[in-house]
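Residues per chain are reported as follows:
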Amino acid sequence: MKSVIVHDWLISQGGAELVLEEIYKLYPSPIYTLLYDSVNFSESWLKNAEVHTSFIQKLPMSKKYYRYYLPLFPLAIEQFDLSEFDLIISSSHAVAKGVLKNSRQTHICYCHTPMRYAWDLYHQYIKQLNLDKGMKGFIAKLIFHYIRMWDYASSQRVDHFVANSQSVAERIKKTYGRTAEVIYPPVDTDFFSINEKREDYYITVSRLVPYKRMDIIVGAFSLRKDKKLLVVGDGPDYERLKRMAGKNVEFLGRLSRVHLRSYLEKARAFVYMAEEDFGIAMVEAQACGIPVIAYGKGGASEVVINEKTGILFWKQTPEELLKAIDRFERLEESFMPKSIRANAERFSKEVFRKKFMAFVDSVLS
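Parameters at a glance
Residues numbered from 1 in each chain as written. Predicted model: local features only at pLDDT ≥ 70, side-chain atom pairs only at ≥ 80, totals over all residues. Heavy atoms only, no water. Core = buried A, V, L, I, M, F, W, Y, C linked by side-chain atoms within 4.5 Å. Buried < 20%, exposed > 50% of the residue type's maximum accessible area, 1.4 Å probe, protein only. Helix = DSSP H or I, 4+ residues; strand = E, 2+ residues; numbered from the N terminus. Contact = heavy atoms within 4.5 Å. Pairing = 2+ DSSP bridges. Axes fitted to C-alpha atoms, helices over the stretch in contact; angles between N-to-C directions. 1 Å grid on protein atoms, 1.4 Å probe; cavity = no way out; pocket = protein on both sides within 12 Å on 5 of 7 lines; lining within 4 Å. Points joined across faces, edges and corners; volume = space filled by probe spheres on them. Nonpolar A, V, L, I, M, F, W, Y, C, P; charged D, E, K, R; others polar. Polar contact = N/O pair within 3.5 Å; in protein donor to acceptor, adjacent residues only side chain to side chain.

Caption draft 1: Quick look at the nonpolar core. Within the largest apolar cluster, 32 residues are counted, with the highest numbers of intra-cluster contacts made by Trp 9, Phe 73 and Leu 82. Of all the secondary-structure elements, those providing two or more residues to this core are strand 1 (3-7), helix 2 (73-78), helix 3 (122-128) and helix 4 (134-155). Element by element, the count of residues in this core is highest for helix 4, at four residues. Those residues in contact with Phe 73 that sit more than four places away from it in its chain are Trp 9, Leu 34, Ile 56, Tyr 66 and Val 95. If you look at the next biggest cluster of nonpolar residues, it comprises 31 residues, including Val 205, Val 232, Met 282 and Val 292.

Caption draft 2: Structural context of helix 6 (residues 214-223). Buried residues dominate helix 6, accounting for eight of its 10 residues. For helix 6, every residue scored as buried is listed here: Met 214, Ile 216, Ile 217, Val 218, Gly 219, Ala 220, Phe 221 and Ser 222. The inward-facing, buried residues of helix 6 abut strand 8 (202-205), strand 9 (229-232), helix 7 (238-244), strand 10 (249-253), strand 11 (269-272) and helix 11 (318-331).

Caption draft 3: Here's a closer look at the sheet that holds strand 10. Read across the open sheet, the six strands follow the order 10-9-8-11-12-13; overall the sheet is parallel. A single partner strand is all that each edge strand has here, and the edge strands are strand 10 and strand 13 (310-313). The mean angle between the axes of side-by-side strands here comes to 20 degrees, regardless of whether they run parallel or antiparallel. Here four bridges tie strand 8 to strand 9, and the two strands are oriented parallel to one another. Bridged to Val 205 within strand 9 is Val 232.

Caption draft 4: Geometry of empty space enclosed by the protein. Evaluation of the coordinates by the stated rule reveals one cavity of 30 Å³ or more. The calculated volume of the largest cavity comes to roughly 40 Å³. Lining the largest cavity, in full, are Ile 183, Tyr 184, Arg 346, Val 351, Phe 352 and Lys 355. Class assignment for the residues of the lining of the largest cavity results in four nonpolar, no polar and two charged.

Caption draft 5: Molecular detail of the side chain of Lys 97. Position of Lys 97 relative to the elements: it lies in the loop between strand 4 (87-92) and strand 5 (106-111). At 2.4 Å, the side chain of Lys 97 and the side chain of Asp 151 are in polar contact.

Caption draft 6: Geometry of the layout of surface pockets. When its volume is computed, the second largest pocket comes out at roughly 200 Å³. Around the second largest pocket, the lining residues are Glu 196, Arg 198, Arg 268, Gly 289, Pro 291, Phe 328, Glu 332, Glu 333, Phe 335, Pro 337 and Ile 340. When grouped by side-chain class, the residues that make up the lining of the second largest pocket number five nonpolar, one polar and five charged.

Here is the structure:
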């Protein structure tokens, strides 16, 4: 069968792009995407892929300000002519699943999540972007209303959904009325290892954007001057978070994979506050044998075993995080690095490859 892969956009490398790489290794195919910044993929498996982009690629400043072209995304994705292919595999957290297909084609969508800013986090985004009032806000709400209608309609074009976690499968069911097979994303657990020498600091790794709730983590540690926190990552909230941080909070910015590993392996514990669809960073930390202290809703409840590979808490507040840290420190000696790593290995690349290929084979047969 002749296959093709569709991905939302290839601007930077994140969790969705790691999944795309593994799918591409299994099914080397042309890739269709709204935008492509080849510089950021010069060391990726995708660097030699045949990549086709949409008309948005040619619009002014599209690689930097592509989110401003959101109203055009549905139109752009529907312009791809994929009629020569038998199998369509989309990797979608936005519009990739909305490509048009004919009756003889099979479309499998690996869904990272239904569009969170249009559904689950809509009101939060509107408030954070100051779009809850005025004419500008009215236009934004109108655009999101249109996006939601298109998003639901386009979900019905997919033949088979794969979700990256049980939490996302439930969201797909509630949002689109569709069932989904759960296949966890591939994590490069082999890259990480256990280091018996630990140092006295906590670590968090995240994009510094509002919904990650890094302000809660930074605020909590700023109240506890005796505990050191390392923050890895960058984003639009970087300067704001630095201004509110105490001297015991150190910002390292974006690190290479090798440098990130060296910091993870020596940390006391990994701290996370966002409600994630899955949470690759939490798995990577466990692959180093270090416990994870995380907000327990979403993907964390599936990748962290409470009081065995980490500590889960249930409210996104500084007070609850500090209570969880205290609980961790009381139980710290009971956490076994080898057991924590063994839990992470459930999400290895090898496991993903076997399960994804078996699912595609079952669909096609």
